[in-house]
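One-letter residues, chain by chain:
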Amino acid sequence: MKRLYLLGLMAGVSLHSIAAQTPSSLLDDKPAFIASLIEQMTLEEKIGQLRLISIGGDMPRERMLEELQAGHIGGTFNTVTRPDNRPMQEAALRSRLKIPVFFAYDVVHGHRTIFPISLGLASTWDLATIATSGRVSAIEASADGLDMTFAPMVDISRDPRWGRTSEGFGEDPYLVSEIARTMVQAYQGKSPAAADSVTASVKHFALYGAVEGGRDYNVVDMSPLRMHQDYLPPYRAAVDAGAGGVMVALNSINGVPASANSWLLKDLLRRDWGFEGVTLSDHGAISELIRHGVARDEREAALLAIKAGVDMSMADSLYQQELPGLVASGDVEIGEIDKAVREVLGAKYDMGLFHDPFRRIGLAQDDPKDRNAENRLHRKEAREVARQSIVLLENRDRTLPLKRSGTIALVGPLADSPVDMMGSWSASGVAKQSVTLRQGMLDALGNKAKLLHAVGANITDDKHMVEYLNFLNWDSPEVVQGPRSPAEMIAEAVAAAEQADVIVAAVGESRGMSHESSSRTSLQIPASQKALLRALKKTGKPLVLVIMNGRPLDLNWARNNADAVLETWFTGTEGGHAISDVLFGDYNPSGKLPISIPRSVGQIPTYYNHLRVGRPYVEGKPGNYTSHYFEEPTGPLYPFGYGLSYTDFDISDVRLSSSTMTRDGGIEASVTLKNVGQREGATVVQLYIRDEVASVIRPVKELKDFRKVSLKPGEVREVTFRVDEDDLEFVNAQLQRVAEPGAFEVQIGLDSQRVKPAKFTLL
Ligand code: BGC
């Protein structure tokens, strides 16, 4: 209380300013406290709490302060320093009821320190490592006065044309659910009220990753069975882990936009899942109901959204503009407004803001002098996480690891591009603080070997693409064309390659190519870079590809022509060090793909856990009248769960503790894993289950558990998984979760394709 008082004085408000009219004795009784506040609120103040506004684009600062002081804003986003946020909190505390405002931001894969993009985080298959990224993000974001993050983004994506694939954790319901839970816990820490926690707002609810054709903002049309079985579990996992917020998706679902979808927000989220936090619309989504064609006008849009259960409207004025009239006409009952207000106030209560509105903003005297100071970064953690996120796809004749001797030619437009290292949604990351691959290699080599560098190619020579990418909301153009012609750039790179013992080519996508609104029709590495690669190949020098990208790309050429291929996604602030750690063998790669890499766009969707069909394609048999594409091999180029190491692992046959399982019993499935190579290394042992016969068609297999295991050369480890009834459950035609008796197959392997099977029966 003393601290509150001091803070109050410093902020120019009196002691009883914290929700002043409400007795402080109620402060420890959340429902009573909030009820008492709501009782005192005017309709205008209530509606104010439902507005989530971004400073800058949505509203100039002066006006924002006035609106806060008038009690017209519940939360803001996009301001990310304590000195920026403090006056806003002070303004909110000058409002009649002195209700604090909360501060939110898209802290998706790091805040000041940028971690690998989510697809990279998922590639670690290590929940503790992923938790480190979330915890550090929360510590850094809360230290900048933030109370909420618009994350984790847990949209399952089976279509890499979708640019936001980069923001999610891949294609698998189980893996993404585990990560969803982990991230919520990591962001919220011991409690969302803790000073170093931020409230997680899971997004985008729901099914955004299934937009038709991978085209952003497109419709989603999906059977209830698929929804419940595959796409909804990660959001559910985040809710069950206590996420304080849910962001409602921009897309429609089976004809009804999510923001107007009361089945989604009321029946499923609140009634069935018991969600008790706050729901936020996505940016401008309520006005978009008009363009979806389900609302005639703004009045109707606001009506649909509030009735559906969207508590806060982000970045539009429709609630403020329309709700008073809707209440006056009786179309919206005051109880409906109160319900939404209760959730907003409840979230603020849970954030600890009523106890101390400056909990994360702190005192001015303690503000960091330089918000981007080096000592505010967590480089060690970022490097450790990033090196675990790298997936080794090819390594012919043990090209990698590289020796620290001789001459290495480093080429490619991504070899020295700090901004691209960060990937999209890089929060408060500062490009010049990212370690590029060039810098990382220089640091790793010292004077032991010579590093030649040539850009070799523009990201793309396609003018339309450059214009588009620079039109995204960046501060300055990011895709910059060099003054030299493509031929000159290639010639320079080839000259460097010819003097070198090995070529390292950093190619792929600029970060904007895998972003919101960056859907692609092609998964090709742009033509400018492919021309460079072909010229490099002709030198006959060993060619190592370091791929940077936010979605699976077409890697056929790489597979057939490169000597080694590293899938690095976008590795973040310490990316250059992390990739160098792998290139030079200071870290033995252990990442595994969280998403299948297709052979071609035509093959999409290419996901491992697809349903069975009546005419499956059988490898080695004539293909006619079976389910496949006849011009190319069946199945992905690289399967889900795949990733090599510098050592080799041997996995034994599967041993089951019993060939039958009772419902309350469970069985154990074990394998012996041996490191049969020369180096210490880690791999991920993966457990899949196949339900042989069921009342509805079941996938060919489903991931149910995994374990990352590190072994010294020659070391042997028993890995035992427990299989329980809930691992055998699925959603039946009545949308109930059931486990049906009968035959099952356990499959254990180091990727989703090369597995050892064992059968058992559920009695
Ligand atoms: C995105 C959200 C994001 C929001 C706020 C929207 O355009 O879809 O993911 O959280 O902007 O920045």
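Residues numbered from 1 in each chain as written. Predicted model: local features only at pLDDT ≥ 70, side-chain atom pairs only at ≥ 80, totals over all residues. Heavy atoms only, no water.

- Per an unreviewed UniProt entry, the chain goes by the name Periplasmic beta-glucosidase and belongs to Stutzerimonas zhaodongensis.
- Per its UniProt entry, the chain bears the Catalytic activity (unreviewed entry) comment "Hydrolysis of terminal, non-reducing beta-D-glucosyl residues with release of beta-D-glucose."
- UniProt's Sequence similarities (unreviewed entry) comment on the chain is quoted here verbatim: "Belongs to the glycosyl hydrolase 3 family." (UniProt positions renumbered as here; feature names shortened; annotations may be inferred.)

## Re the overall build of the chain
Okay, so step 1: Scanning the chain from N- to C-terminus turns up 23 helices and 27 strands.
Okay, so step 2: At 27 Å, the chain has a C-alpha radius of gyration in line with the 27 Å of a compact globule built from 763 residues.
Okay, so step 3: In terms of principal-axis extent, the alpha carbons of the chain reach across some 75 × 65 × 50 Å.
Okay, so step 4: With 763 residues in all, the chain has 62% of them scored as buried.
Okay, so step 5: The long-range share in the chain, meaning contacts at least 24 apart out of those at least 6 apart in sequence, stands at 77%.
Okay, so step 6: Taken as a whole, the chain presents about 28,100 Å² of accessible surface, with 51% of it coming from carbon and sulfur.
Okay, so step 7: Charge-centre separation for the chain: the mean point of 83 positive side chains lies 4 Å from the mean point of 97 negative side chains. (Helix = DSSP H or I, 4+ residues; strand = E, 2+ residues; numbered from the N terminus. Rg over C-alpha atoms; globule rule 2.2 N^0.38 Å. Buried < 20%, exposed > 50% of the residue type's maximum accessible area, 1.4 Å probe, protein only. Contact = heavy atoms within 4.5 Å. Areas by Shrake-Rupley, 256 points an atom, 1.4 Å probe, with all protein chains shown as cover. Lys, Arg positive; Asp, Glu negative; His and termini not counted. Charge placed at Lys NZ, Arg CZ, Asp CG, Glu CD.)

## With respect to the pattern of salt bridges
Two side chains bearing opposite charge may form a pair once their charged atoms approach each other closely.
Okay, so step 1: Tallied over the entire structure, the rule returns 53 salt bridges.
Okay, so step 2: The partner of E343 in a salt bridge is R270, and the shortest N-O contact between them spans 3.6 Å. With E343 in helix α15 (residues 334–350) and R270 in helix α11 (residues 262–272), this pair connects stretches of sequence that are 73 residues apart. The same class applies to E343 as to R270, namely buried.
Okay, so step 3: Note that D653 and K756 form a salt bridge whose closest N and O atoms lie 3.9 Å from each other. Of this pair, D653 sits in the loop between β17 (649–651) and β18 (655–656) while K756 sits in strand β27 (residues 755–762), and the two are 103 residues apart along the sequence.
Okay, so step 4: Because the salt bridges share partners, they merge into one network encompassing R270, D311, K339 and E343. (Salt bridge = Lys/Arg side-chain N within 4 Å of Asp/Glu carboxyl O.)

## What about the site of the ligand?
Okay, so step 1: Close to the ligand lie 13 residues; D106, R164, H204, D282 and E516 are nearest.
Okay, so step 2: Between D106 and the ligand, the recorded distance is 2.5 Å, taken from a side-chain N or O atom to an oxygen atom.
Okay, so step 3: Separating an oxygen atom of the ligand from a side-chain N or O atom of E516 is a distance of 2.9 Å.
Okay, so step 4: Within the shell around the ligand, the residues separate by chemical class into 6 nonpolar, 2 polar and 5 charged. (Near = heavy atom within 4 Å. Polar contact = N/O pair within 3.5 Å; in protein donor to acceptor, adjacent residues only side chain to side chain. Nonpolar A, V, L, I, M, F, W, Y, C, P; charged D, E, K, R; others polar.)

## Let's talk about helix α18 (residues 437–445)
Okay, so step 1: Listing the buried residues of α18 in full gives L437, G440, M441, A444 and L445. Summarising the axial view, the buried residues of α18 lie within an arc of 125°, below the 170-degree limit, and thus occupy one face.
Okay, so step 2: Summarising the contacts, the buried residues of α18 are in contact with β12 (407–411), α17 (418–422), β13 (450–454), β14 (502–508), β15 (543–548) and α23 (575–583).
Okay, so step 3: G446, located one to two residues past α18, shows a positive phi value of around 55°. (Arc of directions from axis to C-beta.)

## Digging into the side chain of S428
Okay, so step 1: Here S428 shows up in the loop between α17 and α18.
Okay, so step 2: Discounting residues that sit within four places of it in the chain, S428 has contacts with V80, Y105, H111, R112 and N372.

## Digging into the sheet that holds strand β16 (residues 564–567)
Okay, so step 1: The strand order β11-β16-β15-β14-β12-β13 describes an open sheet built from 6 strands, whose pairing is mixed. Taken across any chain shown, the strands that pair with only one partner, and hence form the sheet edges, are β11 (391–395) and β13. Recorded for the sheet is a direction-independent mean angle of 15° between the axes of neighbouring strands.
Okay, so step 2: Of the pairings in the sheet, the one linking β15 to β16 comprises 4 bridges and is parallel in character. Within β16, the position partnered with V544 by the bridge is A564.
Okay, so step 3: Each of β12, β14 and β15 is contacted by helix α21 (residues 527–538), which is oriented at about 165° to β14, the strand it contacts most. (Pairing = 2+ DSSP bridges. Axes fitted to C-alpha atoms, helices over the stretch in contact; angles between N-to-C directions.)

## Some details on the packing of aromatic side chains
Okay, so step 1: Taken as a whole, this structure holds 14 aromatic pairs when the rule is applied.
Okay, so step 2: An angle of 75° between the planes, with centres 5.2 Å apart, marks the rings of W125 and F706 as edge-to-face. Of the two residues, W125 is situated in the loop between α6 (118–123) and α7 (127–143) and F706 in strand β22 (residues 702–711); the sequence distance between them amounts to 581 residues. With respect to class, W125 is no different from F706; both count as buried.
Okay, so step 3: An aromatic cluster is defined as three or more aromatic residues linked by ring pairs; in this entry it consists of W125, Y174, Y608, F640, Y688 and F706.
Okay, so step 4: Looking at K203, its charged tip hangs above the ring of W425, at a distance of 5.3 Å from the centre. (Phe/Tyr/Trp six-rings, centres within 6.5 Å; stacked < 30°, edge-to-face > 60°. Lys NZ or Arg CZ within 6 Å of the ring centre and 35° of its normal.)

## Digging into the pairing of strand β3 (residues 102–105)
Okay, so step 1: In β3, alternate side chains face the same way, and those of F102 and A104 on one face and F103 and Y105 on the other are all buried.
Okay, so step 2: Sheet topology places strand β2 (residues 75–77) next to β3; 3 bridges connect them, and they run parallel. The residue of β3 that forms the bridge with G75 is F102.
Okay, so step 3: Regarding topology, helix α5 (residues 82–93) serves as the crossover connection from β2 to the parallel β3, and that connection is right-handed.
Okay, so step 4: Strand direction decides the pairing type here: β3 and strand β4 (residues 148–149), joined by 2 bridges, are parallel. In the strand pairing of β4, Y105 is matched with T149. (Right-handed = clockwise from strand over helix to strand, strands pointing away.)

## Things to note about the packing of helix α8 (residues 173–188) against helix α10 (residues 233–240)
Okay, so step 1: At a minimum axis separation of 8 Å, α8 and α10 run at an interaxial angle of 25°. Relative to α10, α8 is oriented roughly parallel. Where α8 crosses over α10, the two elements pack in a sense that is right-handed. Contacts between α8 and α10 pair P173, V176, S177, A180, R181 and V184 from the former with P233, P234, A237 and A238 from the latter.
Okay, so step 2: Grouping the amino acids of the contact of α8 with α10 by side-chain chemistry returns 8 nonpolar, 1 polar and 1 charged. (Parallel < 35°, antiparallel > 145°, perpendicular 65-115°, else oblique. Left-handed = near helix turned anticlockwise from the far one by under 90°.)

## Some thoughts on empty space enclosed by the protein
Okay, so step 1: What the rule picks out here adds up to 1 cavity of 30 Å³ or more.
Okay, so step 2: Approximately 80 Å³ is the volume found for the largest cavity.
Okay, so step 3: Around the largest cavity, the lining residues are M41, E45, Q49, L68, G71, I73, A92, S95, L97 and I99.
Okay, so step 4: Grouping the constituent residues of the lining of the largest cavity by class yields 6 nonpolar, 3 polar and 1 charged. (1 Å grid on protein atoms, 1.4 Å probe; cavity = no way out; pocket = protein on both sides within 12 Å on 5 of 7 lines; lining within 4 Å. Points joined across faces, edges and corners; volume = space filled by probe spheres on them.)

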